[in-house]
Amino acid sequence: MNDSNLPGQKKLAARISALVIGTLTVLAPWYISGPLATLNRGIFWTYVITGVLMATVAIVALIWRHALWPAWAFFLLTVWIILAPDTLSSAAKDVSIMHLILGAAGIVVSVFWIRRMFGRIPQDRPVVKGRTFRECSSSERTLYGLVICVLGLGYCMALGYLYMTHAGLNGKPGISVQDIAITYYGNRSGTRLELMLRGQMRDKISPDEMDRVVAWLKSGSTEDEYDDTIYPIIMKDCASCHSAKSGKNLRDYTTYEGIIPVATVDHGMSIETLVKLSHIHLFGIGLVTFVLGFVFCFSTLPAWFKNVVIVAPFFAMVIDIATWYLTKWDPVFAYTVVVSGLILGSAWGIQIFVSLYQIIFLPAAEKKA
Ligand code: HEC
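Named according to an unreviewed UniProt entry, the protein chain is Elongation factor-1 alpha originating from Rhodanobacter terrae.

Our focus in this paragraph is the UniProt feature "transmembrane region" (unreviewed entry) in the protein chain. Those places that UniProt annotates as "transmembrane region" (unreviewed entry) correspond, in this numbering, to residues 12-32, 44-64, 71-91, 97-115, 143-164, 280-301, 308-326 and 332-360. Within the segment residues 143-164, helix and strand shares are 100% and 0% respectively, and the terminal C-alpha atoms sit 32 Å apart. Helix makes up 77% of residues 280-301 and strand 0%, whereas the separation of the span's terminal C-alpha atoms amounts to 32 Å.

A word on the site of the ligand. As a matter of local geometry, the ligand sits amid 16 residues, with Met 196, Ile 205, Asp 237, Cys 238 and Cys 241 nearest to it. Within the residue set of the shell around the ligand, elements represented by two or more residues are α7 (192-198) and α9 (223-238). The element contributing the most residues to the shell around the ligand is α7, with four residues.

Across the interface, helix α11 (residues 271-296) lies against helix α13 (residues 334-361) with an axial gap of 9 Å and an inter-helix angle of 40°. The pairing of α11 with α13 is recorded here as oblique in orientation. Between α11 and α13 lies a crossing of left-handed hand. On the side of α11, the interface is formed by Leu 292, Gly 293, Val 295 and Phe 296, while α13 contributes Trp 348, Gln 351, Ile 352, Val 354 and Ser 355. Among the residues forming the contact of α11 with α13, the class breakdown is six nonpolar, three polar and no charged.

Mapped onto the elements of the fold, Ala 312 is located in helix α12 (residues 303-329). Each C-alpha atom, one on Ala 312 and one on Thr 289, is 9.8 Å from the other, the two residues being 23 residues apart in sequence. Residues contacting Ala 312, with those up to four places away along its chain left out, are Ile 343 and Ala 347.

Turning our attention to the nonpolar core. In this structure, Ala 316 and Ala 347 are the most contacted members of the largest nonpolar core, which totals 35 residues. Residue assignment for this core shows that the elements contributing at least two residues are α5 (138-166), α6 (177-185), α11, α12 and α13. No other element matches the ten residues that α13 contributes to this core. Beyond its immediate stretch of four places on either side in the chain, Ala 316 contacts Ser 340, Ile 343, Leu 344 and Ala 347.

Procedures and definitions
Residues numbered from 1 in each chain as written. Predicted model: local features only at pLDDT ≥ 70, side-chain atom pairs only at ≥ 80, totals over all residues. UniProt positions renumbered as here; feature names shortened; annotations may be inferred. Helix = DSSP H or I, 4+ residues; strand = E, 2+ residues; numbered from the N terminus. Near = placed C-beta within 6 Å. Axes fitted to C-alpha atoms, helices over the stretch in contact; angles between N-to-C directions. Parallel < 35°, antiparallel > 145°, perpendicular 65-115°, else oblique. Left-handed = near helix turned anticlockwise from the far one by under 90°. Contact = placed C-beta atoms within 7 Å. Nonpolar A, V, L, I, M, F, W, Y, C, P; charged D, E, K, R; others polar. Core = buried A, V, L, I, M, F, W, Y, C linked by C-beta atoms within 7 Å. Buried ≥ 20, exposed ≤ 12 C-beta atoms within 10 Å, placed from the backbone.

Listed below in structure tokens is the structure:
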């Protein structure tokens, strides 16, 4: 039996009602608590993105008629919101927990109700039992095993690079959400020069000279004034370390070009750089996710779990990149960048470790005599 056997109109009606009811089931709790979320701008936008995402997942899922997907998506996204606690006031956390409960209820209701309603419509596609690592030839297994090892190593390198380029941006050792915020949003409270003069470099300069440097920064850091008043101060107090001649491999502040990067307000990454990074990441991470997911498909795990782990990195990647731009606009989104990165990393980790384990330990299928 196949639902193409149903009369055309009835089939269409069933599909449309599945679409509408499913979408409403998923979106209802979001709408109920939506007004509460307007209490805080950051939370509000988190909810808007979540809502749009949920609606997209619901529509895609229901077109494919995997009716349970929207409920799952809703549940997972709510967990995601709760996992970013610092973006949430306690009131909003209650909202999230309410979502979570409603999401869980939604899953239960979807299982019973959608099954009952549409259980009579058989799936178009027959359930095909896919190939597993057991059926793969030994050369296939070797190839898959090696490629995921190399990609896993690449990911470790990426994490190392991330650490090296982000750690300590906020003046504290190690990497934190604040460092991520500074990368995209910048440090708009002032210039790096003023920050350092009031902080680590305080004892290198007299209060009077400090006032003059700060006045120069506030008046727009012009080149003329640099030559007249700032250059002598730099030569006297700073050049022993911050000049090409010092041999200390520190930035050279004895030229206007040298000092200007720390003398202007830091607005974070430029849009141009973001667009460049976005396309590199979408191509690169998209392909890595495909290869890892492709190999992971051969694992012998419940299909629902495999689907979640295969889909998660794609969503995480898109959310991650979208929130770079949002972080540039409002640093509160740095939390979302971090959480989506964690989701991506965990999903890849599961794919790599499960696949490797099964490639090594799953016995090959017996040949039929
Ligand atoms: C004794 C050597 C020494 C002198 C003199 C000195 N600095 Fe520094 N400065 C350093 C070192 C070392 C660092 C790197 C500190 C770090 O990264 O933790 C640094 C870092 C800085 C930074 C941050 C650079 C960056 O890229 O983040 C600024 C700005 C700065 N110094 C300004 C000054 C100014 C202005 C003076 C003169 C008033 C001065 N420094 C005098 C050693 C010196």
